[in-house]
Amino acid sequence: DVKVTQSSRYLVKRTGEKVFLECVQDMDHENMFWYRQDPGLGLRLIYFSYDVKMKEKGDIPEGYSVSREKKERFSLILESASTNQTSMYLCASSSPQGRKGYTFGSGTRLTVV
Amino acid sequence: AQSVTQLDSQVPVFEEAPVELRCNYSSSVSVYLFWYVQYPNQGLQLLLKYLSGSTLVKGINGFEAEFNKSQTSFHLRKPSVHISDTAEYFCAVSPFSGGYQKVTFGTGTKLQVIP
């Protein structure tokens, strides 16, 4: 069964901490994505990557960075966590043109206190 | 650029009744269309997709959707819902052309199945 695995289901962090969210896929997909999901706002794209060491800003990149050193792993970094970054974070992957749709991880619910 | 509108944020329906979840989109180019389902505290799962060909597509769990190009709609239907269908449903579109194309998601419709 193919999978996208997010390392944590729930995280609680303090304001100002540096936070790492990890995502690993086993489908050999070129594309990987980070979204945040908030009630009433749907899914908003933070960053995506279409190849190793390549990254592109999405719609809401401020306060975030990403790293993709290996094809299967895509990390989201909150440089200095703030309370307005409390959210559900979803990682996804897809083949290059996305015709098969996305495969999502189970999500990480991050609370910043 | 494209946009997706899911007008209904919540849809309550009795068990074994039919349901339709509406999705309208706008795009200046041809698109792929998708429906995803999200069960509580989980990620999104692909329910079905329209790429080309027959405008009626069938997905998992007895769901189907019909692509209507003239009305730019892709409504999701199920003839008889079950309690286990309680979830949030997202419509998404992606323009098709070479290379990566950004997927745009709707804001979701929460389906509540009432026993």
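To keep things clear, this report deals only with the structure shown in the data block. Small disclaimer: the values here were computed from a predicted structure and weren't measured.

Regarding the overall build of chain B
Now for step 1: Counting its secondary structure elements, chain B contains zero helices and twelve strands.
Now for step 2: Against the compact-globule benchmark of 13 Å for 115 residues, chain B has a radius of gyration of 14 Å, which places it among compact chains.
Now for step 3: Over its C-alpha atoms, taken along the principal directions, chain B stretches across nearly 45 × 30 × 20 Å.
Now for step 4: Looking at chain B residue by residue over its 115 residues, the buried ones come to 45%.
Now for step 5: Residue pairs at least 24 apart in sequence account for 56% of intrachain contacts in chain B once pairs closer than 6 positions are excluded.
Now for step 6: On chain B, roughly 5,500 Å² of surface is accessible, and the fraction owed to carbon and sulfur atoms is 51%.
Now for step 7: Averaging the positions of the 8 positive and the 8 negative side-chain charges in chain B gives two centres separated by 10 Å.

What about the state of the cysteines?
Two cysteines, two sulfur atoms, one covalent bond between them: this is a disulfide.
Now for step 1: If you walk through the whole model with that rule in mind, you get two disulfides over all chains.
Now for step 2: A disulfide bridge connects Cys23 of chain A with Cys91 of chain A, and the sulfur atoms are separated by 1.9 Å. Judged by the torsion about the S-S bond (-80 degrees), the Cys23 of chain A/Cys91 of chain A disulfide is left-handed. Here Cys23 of chain A, found in strand β3 (residues 19-25), pairs with Cys91 of chain A, found in strand β9 (residues 87-94); they are 68 residues apart in sequence, far enough to count as distant.
Now for step 3: Judged by relative accessible area, which is 0%, Cys23 of chain A ranks as buried.
Now for step 4: Given the relative accessible area of 0%, Cys91 of chain A is considered buried.
Now for step 5: Across a sulfur-sulfur distance of 2.0 Å, Cys23 of chain B and Cys91 of chain B are joined as a disulfide pair. Here the disulfide of Cys23 of chain B and Cys91 of chain B is left-handed, its torsion about the S-S bond being about -65 degrees.

Points about the pattern of salt bridges
Residues and elements named next belong to chain A.
Now for step 1: Using the criterion set out here, one finds eleven salt bridges over all chains in the structure.
Now for step 2: Between Lys71 and Asp28 there is a salt bridge, and its shortest N-O distance comes to 3.0 Å. Of this pair, Lys71 sits in the loop between β7 (64-70) and β8 (73-78) while Asp28 sits in the loop between β3 and β4 (31-38), and the two are 43 residues apart along the sequence.
Now for step 3: Several salt bridges share partner residues, and in doing so they unite Asp28, Glu30 and Lys71 into one network.

A look at the sheet that holds β3 of chain A
Paired through their backbone hydrogen bonds, the strands of a sheet run either parallel or antiparallel.
Residues and elements named next belong to chain A.
Now for step 1: Read from one edge to the other, the open sheet built from four strands follows the order β1-β3-β8-β7, with strand pairing classed as antiparallel. Both edges of this open sheet fall to β1 (4-6) and β7, since each of them pairs with a single strand only. Averaged over all pairs of adjacent strands, the angle between strand axes in this sheet comes to 20 degrees, irrespective of strand direction.
Now for step 2: Taken together, the six bridges between β3 and β8 define a ladder with antiparallel strand orientation.

Some remarks on the interface of chain A and chain B
Now for step 1: Facing the 25 residues of chain A at the interface are 22 residues of chain B.
Now for step 2: Regarding the contact of chain A and chain B, the summed buried area is about 1,800 Å², with carbon and sulfur atoms giving 54% of it.
Now for step 3: Per-residue buried area on chain A facing chain B is highest for Gln97, Arg99 and Tyr102 of chain A; these three make up 29% of the total on that side.
Now for step 4: Taken together, chain A and chain B are joined by four residue pairs in polar contact (both at pLDDT 80 or more).

A look at the packing of aromatic side chains
Now for step 1: Evaluation of the coordinates by the stated rule reveals 16 aromatic pairs over all chains.
Now for step 2: Centre to centre, the rings of Phe104 of chain A and Tyr36 of chain B are 5.7 Å apart; their planes meet at 85 degrees, and the pair counts as edge-to-face. Note that Phe104 of chain A is positioned in strand β10 (residues 103-104) and Tyr36 of chain B in strand β5 (residues 31-38), a pairing that runs across two chains. Note on accessibility: Phe104 of chain A and Tyr36 of chain B belong to one class, buried.
Now for step 3: Pairwise contacts between aromatic rings join Phe33, Tyr35, Phe48, Tyr102 and Phe104 of chain A together with Phe34, Tyr36 and Phe105 of chain B into one cluster.

Definitions and cut-offs
- Position numbers for residues count from 1 along each chain, tracking the sequence in the order it is written.
- Labels follow written order: the first chain is A, the first ligand is 1, and so on.
- Per-residue local features are limited, in this predicted model, to residues with pLDDT of at least 70; the limit for side-chain atom pairs, both in listing and counting, is 80 or more; totals at the level of whole chains, interfaces and linings are taken over all residues.
- As a rule here, side-chain values cover all heavy atoms of the structure and leave hydrogens and water aside.
- Numbered from the N terminus, helices here are DSSP runs of H or I no shorter than four residues, and strands are runs of E no shorter than two.
- Radius of gyration here uses only the C-alpha atoms, and the compact-globule reference equals 2.2 Å multiplied by the residue count raised to the power 0.38.
- Think of it in three bands: with a 1.4 Å probe and only protein chains considered, a residue is buried below 20% of the maximum accessible area for its type, exposed above 50%, and partly exposed in between.
- Working rule for contacts: check all heavy atoms of both residues, and any pair within 4.5 Å makes them a contact.
- Here the open area of atoms and residues is found with the Shrake-Rupley method and a 1.4 Å probe, where only the protein chains shown may cover a residue.
- Only four residue types enter the charge count, namely Lys and Arg as positive and Asp and Glu as negative; His and the chain termini do not.
- Lysine's charge is taken at NZ, arginine's at CZ, aspartate's at CG and glutamate's at CD.
- Two cysteine sulfur atoms form a disulfide, by the criterion used here, when they sit within 2.5 Å.
- Here, a salt bridge means any side-chain nitrogen of Lys or Arg that lies within 4 Å of a carboxyl oxygen of Asp or Glu.
- At least two DSSP bridges between two strands are needed for those strands to be called paired.
- To get an axis, a line is fitted to the C-alpha atoms, and for a helix only the part in contact is used. The angle between two axes follows their N-to-C directions and goes from 0 to 180 degrees.
- Accessible-area loss on putting two parts together, using a 1.4 Å probe and summing over both, is the definition of buried area adopted here.
- Polar contacts, as counted here, are pairs of nitrogen or oxygen atoms within 3.5 Å of one another; within protein the pair requires one atom able to donate a hydrogen and one able to accept it, and residues that are adjacent in sequence qualify only if both atoms are side-chain atoms.
- Two rings belonging to Phe, Tyr or Trp (six-membered ring only in the last case) form a pair when the distance between their centres is within 6.5 Å. Interplanar angles under 30 degrees mark stacking, angles over 60 mark edge-to-face geometry, and anything in between is tilted.

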